[in-house]
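Architecture at a glance
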Amino acid sequence: MFLAPTLPLQFPNPITIGISPNIPESDSLSLPPHPLPKCLFKSIMRIPKKPASFCLALFSPDLSTSPSSLSPHFRFTSAILRKSDRSRSPGKRKGIHTVGQLHASYSMEKGYETAVGRDNSSRFSHLGSSDGGQQPCVWSSPQGGCKIDIRKQIFCNRSLNMRSILAVGFDMDYTLAQYKPETFESLAYDGTIRKLVYDLGYPRELLDWSFDWTYMVRGLVLDKKRGNILKMDRHKYVKVAYHGFKELSKEDKVGTYGNTLIRDSFDEPDYALIDTLFSLAEAYLFAQLVDFKDKNLEKIPKGADYSVMYKDVRAAVDLCHRDGTLKQMVAKDPKRYINEDTTIVPMLKMLRDSGRATFLVTNSLWDYTNIVMNFLCGSRTLDGSRKCNFDWLQYFDVVITGSAKPSFFHEGNRANLFEVDHESGMLLNTDNGSPMAQVGSSSPRLSLKGVKACRVFQGGSVGHLHKLLSIESSSQVLYVGDHIYGDILRSKKVLGWRTMLVVPELEREVELLWELRDTRKQLRKLRNERDLIEDKIHHLKWSLKFEDTSADEKQKLSSEYNALESERDRVRITHQDAQRECHKMFHKIWGQLMKTGYQNSRFAHQVERFACLYTSQVSNLSLYSPDKYYRPSEDYMPHEFDIIPL
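You'll find the chain entered in an unreviewed UniProt entry as 5'-nucleotidase domain-containing protein 4, with Prunus mume given as the organism. One UniProt comment on the chain, placed under Sequence similarities (unreviewed entry), says "Belongs to the 5'(3')-deoxyribonucleotidase family."

With that settled, consider the overall build of the chain. Along its length, the chain carries 18 helices and 24 strands. Buried positions account for 49% of the 646 residues belonging to the chain. Partitioning the contacts of the chain with sequence separation of at least 6, the portion at a separation of at least 24 is 77%. Accessible surface, the chain as shown: approximately 32,100 Å² in total, 51% of it carbon and sulfur.

The next point concerns the pairing of strand S19 (residues 477-481). With respect to burial, S19 is a largely interior element, 5 of its 5 residues being buried. Covered by surrounding structure in S19 are Val477, Tyr479 and Gly481 together with Leu478 and Val480, the residues of both alternating faces. As paired elements, strand S7 (residues 167-170) and S19 share 4 bridges and run parallel to each other. When the sheet's bridge partners are listed, phenylalanine 170 is paired in S19 with valine 480. Pairing analysis gives 4 bridges linking S19 to strand S20 (residues 498-502), with the strands arranged parallel. Each bridged residue has a counterpart across the sheet, and for tyrosine 479 the counterpart in S20 is threonine 499.

Counting residues in hydrophobic clusters, the biggest one holds 93 residues, and the most contacted among them are Phe170, Leu176, Met216, Leu376, Trp392, Phe396 and Trp590. If we skip the residues at most four places from it in the chain, leucine 176 touches Phe170, Asp171, Ile344, Met347, Leu360, Met373, Leu376, Phe396 and Val618.

On to the sheet that holds strand S13 (residues 357-361), then. Taking strand neighbours across the sheet as the criterion, the 11 strands line up as S5-S23-S20-S19-S7-S13-S14-S18-S15-S16-S17 in an open arrangement whose pairing is mixed. Bordering the open sheet on either side are strand S5 (155-156) and strand S17 (434-435), each of which pairs with just one other strand.

Between glutamate 268 and proline 269 the backbone carries a cis peptide bond, its omega angle lying at 10°. By the secondary structure assignment, proline 269 is in the loop between helix H5 (250-257) and strand S12 (271-274). Backbone geometry at tyrosine 174 places phi at a positive 65°, although glycine is not the residue there. For tyrosine 174, the position within the fold is in the loop between S7 and helix H4 (181-198). In this structure tyrosine 174 comes out as buried when scored by relative accessible area, which is 0%.

A separate point is the pattern of salt bridges. The final tally for this structure, using the stated rule, is 25 salt bridges. A salt bridge links lysine 195 to aspartate 323; the nearest nitrogen and oxygen atoms lie 2.4 Å apart. Note that lysine 195 is positioned in helix H4 and aspartate 323 in the loop between helix H7 (306-322) and helix H8 (325-332), a separation of 128 residues in sequence. Residue lysine 195 is classed as buried on the basis of its relative accessible area of 16%. A salt bridge links aspartate 318 to arginine 314; the shortest N-O distance between them is 2.9 Å.

One open sheet accounts for 5 strands, arranged S11-S10-S9-S8-S12; its pairing is antiparallel. Across the chains shown, the open sheet's two edge strands, defined by having one partner strand only, are strand S11 (246-247) and S12. Summarising the sheet, strand S8 (residues 220-223) and strand S9 (residues 228-232) pair through 3 bridges and their orientation is antiparallel. By the bridge assignment, valine 221 is partnered in S9 with leucine 230.

Summed over all chains, the structure comprises 29 aromatic pairs. Summarising the aromatic geometry, the rings of tryptophan 209 and phenylalanine 292 are spaced 5.5 Å apart at their centres and angled 70° between planes, so their arrangement reads as edge-to-face. Highlighted residues: tryptophan 209 in the loop between H4 and S8 and phenylalanine 292 in helix H6 (residues 280-295), separated in sequence by 83 residues. Overall, the relative accessible area of 7% leaves phenylalanine 292 in the buried class. A centroid spacing of 5.9 Å and a plane angle of 70° characterise the contact between phenylalanine 409 and tyrosine 479, whose relative ring orientation is edge-to-face. Here the residue phenylalanine 409 occupies a position in the loop between strand S14 (398-401) and strand S15 (417-420), and tyrosine 479 occupies one in strand S19, the gap between them amounting to 70 residues. Phenylalanine 409 gets classed as buried once you look at its relative accessible area, which sits at 1%. What makes tyrosine 479 buried here is its relative accessible area of 0%. Grouped by ring-pair contacts, the aromatic residues Tyr189, Phe211, Tyr215, Tyr242, Phe245, Tyr284 and Trp590 constitute a single cluster. Here lysine 628 stacks its cationic end above the ring of tyrosine 630, 5.9 Å away from the centre of that ring.

Below, the discussion takes up helix H11 (residues 366-377). Spanning 12 residues, H11 covers 16 Å between terminal C-alpha atoms, matching the ideal 16 Å at 1.5 Å per step. The element H11 is extensively covered by neighbouring structure, given that 10 of its 12 residues are classed as buried. Turning to H11, its buried residues number three or more, namely Trp366, Tyr368, Thr369, Asn370, Val372, Met373, Asn374, Phe375, Leu376 and Cys377.

Before going further, it helps to spend a moment on the packing of H4 against H6. Two elements in contact, H4 and H6, have axes whose closest approach is 9 Å; the angle formed by their N-to-C orientations is 45°. With respect to each other, H4 and H6 are oriented oblique. When you trace H4 past H6, the crossing you get is right-handed. Together, Glu185, Tyr189, Thr192, Ile193 and Leu196 of H4 and Leu280, Ala281, Tyr284, Leu285, Gln288 and Leu289 of H6 make up the contact between the two elements. Split by residue class, the contact of H4 with H6 holds 8 nonpolar, 2 polar and 1 charged.

Confidence in the prediction of the chain, expressed as mean pLDDT, is 77, and 72% of residues score 70 or more. Of the regions scoring below 50 in pLDDT, residues 1-134 engages in 268 contacts with residues more than four places distant in sequence or in other chains.

This part takes up the side chain of threonine 183. Mapped onto the elements, threonine 183 comes out in helix H4. Among the residues examined, threonine 183 registers a relative accessible area of 16% and is labelled buried. Residue contacts for threonine 183: discarding those within four places in its chain leaves Arg336 and Tyr337.

Moving on, we come to the environment of aspartate 275. Tracing the chain through its elements places aspartate 275 in the loop between S12 and H6. C-alpha separation for the pair aspartate 275 and arginine 218, spaced 57 residues apart in sequence, amounts to 5.3 Å. In contact with aspartate 275, other than residues within four places in its own chain, are Arg218, Asp482, His483, Ile484 and Tyr485. For aspartate 275, the side chain forms a polar contact with the side chain of histidine 483, separated by 3.0 Å.

Bringing the layout of surface pockets into the picture now. Put simply, the second largest pocket is a space of about 1,300 Å³. Around the second largest pocket, the lining is made up of 45 residues, and of these Asp173, Phe278, Arg314, His321 and Asn363 lie nearest the centre. At the level of elements, H4, S12, H6, H7, H8, H11 and helix H13 (484-495) are the ones that each hand at least two residues to the lining of the second largest pocket. Sorting elements by how many residues they give to the lining of the second largest pocket places H7 first, with 7 residues. When the residues that make up the lining of the second largest pocket are grouped by side-chain class, the tally is 19 nonpolar, 11 polar and 15 charged.

The rules behind these values
- Residues numbered from 1 in each chain as written.
- Predicted model: local features only at pLDDT ≥ 70, side-chain atom pairs only at ≥ 80, totals over all residues.
- Heavy atoms only, no water.
- UniProt positions renumbered as here; feature names shortened; annotations may be inferred.
- Helix = DSSP H or I, 4+ residues; strand = E, 2+ residues; numbered from the N terminus.
- Buried < 20%, exposed > 50% of the residue type's maximum accessible area, 1.4 Å probe, protein only.
- Contact = heavy atoms within 4.5 Å.
- Areas by Shrake-Rupley, 256 points an atom, 1.4 Å probe, with all protein chains shown as cover.
- Pairing = 2+ DSSP bridges.
- Core = buried A, V, L, I, M, F, W, Y, C linked by side-chain atoms within 4.5 Å.
- Salt bridge = Lys/Arg side-chain N within 4 Å of Asp/Glu carboxyl O.
- Phe/Tyr/Trp six-rings, centres within 6.5 Å; stacked < 30°, edge-to-face > 60°.
- Lys NZ or Arg CZ within 6 Å of the ring centre and 35° of its normal.
- Expected span 1.5 Å × (residues − 1).
- Axes fitted to C-alpha atoms, helices over the stretch in contact; angles between N-to-C directions.
- Parallel < 35°, antiparallel > 145°, perpendicular 65-115°, else oblique.
- Left-handed = near helix turned anticlockwise from the far one by under 90°.
- Nonpolar A, V, L, I, M, F, W, Y, C, P; charged D, E, K, R; others polar.
- pLDDT = per-residue confidence, 0-100.
- Polar contact = N/O pair within 3.5 Å; in protein donor to acceptor, adjacent residues only side chain to side chain.
- 1 Å grid on protein atoms, 1.4 Å probe; cavity = no way out; pocket = protein on both sides within 12 Å on 5 of 7 lines; lining within 4 Å.
- Points joined across faces, edges and corners; volume = space filled by probe spheres on them.

Right, here's the structure in full:
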């Protein structure tokens, strides 16, 4: 834990509130700035038998440097936080320094900007960062171990003790490599359009279309047959629905998805799930084609209904990937399409110095993987340019390319495992990972002669990976990915691996939640007020049914009833307008990523079910101890919500 002058906070009673000395040092607390509500202490702090100290570095800079700014109910006395024993961690730890700054990969622009704005570091700096709001620092560095900016925190769904993890694995695309949506997704969109026109016979006017990369979000569901785009809650009730770019009325929405004898599962083959950032461009193009078909039926290829159009879009996307169009463009200028993150290497070093194995499993082939990983991890030449070599392999024990996830995670998968020759990219036969002598040779050939480094493979299955890493139990593996179904669901549900989901959009979502915390409290009050008025109306309506009520009494009750109805309508409209404005602050069309109204969204439900941990960037792992015990927050049932302060 970051050591700093500490002061015990005392209430006028007096009772000293503090952190219990037996809390492990890795369990860092991240508290909002003053004023501190009483409920905060009740929910995340304990009152020990003996007074203990707070490290003021856990609070905002204002609080730690200006005690006078606190409420007069607090007074200060000097104390020193005892140093914790770090000798428990396996392996030696070297001080690792980092230079640079993480880049958020998603922000709202154009018509979807919010009051937070593009450059809001000064407005949000009070939430704290790992080194005074300038740049994140690695936990193992001398400056590490301090408070973590809430936008870069790792959130826990299920308890995970990192001491039990022997190997940490990573996906590459949209996990280690965060692509820039304004350039990469536009590139994918343009390539798909060209395939539709030149290969699948769509009209040439599609070439004039443009792509708004801010419009679509993850977690949506495409209704292939009807041409609709849906956002639903965790119970699979459709809350927001559009036909192309036209919003469906409440009546149409209920009539289509709410009045069926058997509830729709909203799964394949009739629906498509937009659960990866790679799918945003094709979802937007599908919406454009739906609108185009409705207005220009004669221009669409004969027999191409909505579902056929979606199938054509998918085929065009696959053609772009197969012919290498996208990856060739990225390879020419990685910096244009991929965010630089200078904390990836220190993170990998820290994990390896802690005694853990690291591995990479990606669907990309070796040539592209080597280019991207060189960009992320490679050193620079004297003239500042990147040099492409194999130095980045020193940060991994095993690299598997062309893995064909999610089938890679099935134990029954019998795919052959080939070793990749680093320089030529040629594939060499292996015996379940063991080197094999090639025809005409008396001894096995190793990819890197005389260099102790990781080996690179293509294909295979999870059984091969376990053997290569000497993994005896699936629960000893933590896998980090960005794709709920391709990376997280299969590895968690089939194997029992521990999982961490990377959600780049979360950084901005958390920021807005903090900005709008007072607005959300007001929404809750309006909702409660509306409920109380409706209860009174129901009671009055019931009272008017009794025959023994006098005419004067009925007249009085009727007047009161009418007044309450007017008040209910006023509160209802105020509540709905406020809720709609709050919805638009997150996204003008789809609202909050993790919510749909008052319910968790379907995407949030998937995150909760299958991701042990989730965070905005993979390199946020570098801000935490490699021996961290991640513990989830307490679950609340509806009957507890108003009883236990939050």
